[in-house]
Amino acid sequence: MAAIGAARRRYLNAAQAGALAFGLANVSAFAGEGQALQVSNAWVPVSDTQGVDVPLLMTIKNQSTEADALLRVSCPAANFSEKHTVDRGEGAPAMRAIKSIPVPAAGEITLKPEAYHVMLLQTRQVLAEGDTFSCSLMFQKAGKLETEVHVIRPR
Ligand SMILES: [Cu+2]
């Protein structure tokens, strides 16, 4: 009997933790402050010309016990964006557009040109080292987050 009671309490604690995480995700969807998800180190490489495609990279940390997914990215610095993965098989690695980028539960993902990443298509401006611009990110569960993107010269 005691063992069953303890197991039941553990289950209830886990359920409460899940409810709390869900509540935080909802708050961040309204407030846009990203308490369940934290986006950091968002950057694009420098580009001397406009109208080109550049990868947008960042780290997404998920403190929720539920997995999430990056659905849409919108930046005034580019006309369109896509989510990409990179296929490796015979021949050269090839980028492929996908519907969303998975964000693991209680973990983090760092976007990379050779793995999951966002691609900004048809940039509307020259991207000079040190410039910054803002992008809006739409996540399946956490909702909409804004992040500042830095233009960096890769080393
Ligand atoms: Cu790409």
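Keep in mind that this is a model prediction, so the values were computed, not measured. (Residues numbered from 1 in each chain as written. Predicted model: local features only at pLDDT ≥ 70, side-chain atom pairs only at ≥ 80, totals over all residues.)

This next bit is on the pairing of strand β2 (residues 54–62). As defined by bridge partners, strand β1 (residues 37–45) adjoins β2 across five bridges and the pair is classed as antiparallel. Looking at β2, one finds that Ser40 is bridged to Thr59. Where β2 lies against strand β8 (residues 117–123), three bridges are found, and the strand directions are antiparallel. Bridged to Val54 within β8 is Leu120. Relative to strand β7 (residues 107–110), β2 runs antiparallel, the two sharing four bridges. By the bridge assignment for β7, Lys61 is matched with Glu108. (Pairing = 2+ DSSP bridges. Helix = DSSP H or I, 4+ residues; strand = E, 2+ residues; numbered from the N terminus.)

A few words on unusual backbone geometry. One non-glycine residue, Ala106, lies in the positive phi region at around 45 degrees. Within the element layout of this structure, Ala106 appears in the loop between β6 (101–103) and β7. When the 12 C-beta atoms within 10 Å are taken as the criterion, Ala106 is described as exposed. Of note, the phi angle at Gln122 is positive, near 55 degrees, even though the residue is not glycine. (Buried ≥ 20, exposed ≤ 12 C-beta atoms within 10 Å, placed from the backbone.)

Once that is clear, we can look at the nonpolar core. Grouped together as the largest cluster of nonpolar side chains are 28 residues, with contacts concentrated most on Leu37, Val39, Leu56, Met58, Cys75, Leu120 and Leu137. Those elements giving two or more residues to this core turn out to be β1, β2, β3 (68–74), β6, β8, β9 (132–139) and β10 (143–152). Non-local contacts of Leu56, meaning those with residues more than four positions away in its chain, are made with Ala42, Val44, Val73, His117, Val118, Leu120 and Val149. (Core = buried A, V, L, I, M, F, W, Y, C linked by C-beta atoms within 7 Å. Contact = placed C-beta atoms within 7 Å.)

This part takes up the pairing of β3. Across three bridges, the pairing between β3 and β6 is antiparallel. For Leu70, the partnering residue across the bridge sits in β6 and is Ile101. Note: β3 against β9, four bridges, orientation antiparallel. Each residue of the ladder has a partner; that of Val73, found in β9, is Leu137.

Turning to the environment of His150, a few remarks are in order. With respect to the element layout, His150 can be found in strand β10. Among the residues examined, His150 registers 13 C-beta atoms within 10 Å and is labelled partly exposed. With 18 residues separating them along the chain, His150 and Thr132 place their C-alpha atoms 4.6 Å apart. Apart from the residues within four sequence positions on either side, His150 is in contact with Ala42, Trp43 and Thr132.

This part is about the confidence of the model for the protein chain. Predicted coordinates in areas of low pLDDT are best not read in detail. Averaged over the protein chain, the pLDDT score is 84; the fraction of residues at 70 or greater is 78%. Within the model, pLDDT remains below 50 along residues 1–34, and this stretch shows 30 contacts once partners closer than five positions in the same chain are excluded. (pLDDT = per-residue confidence, 0-100.)

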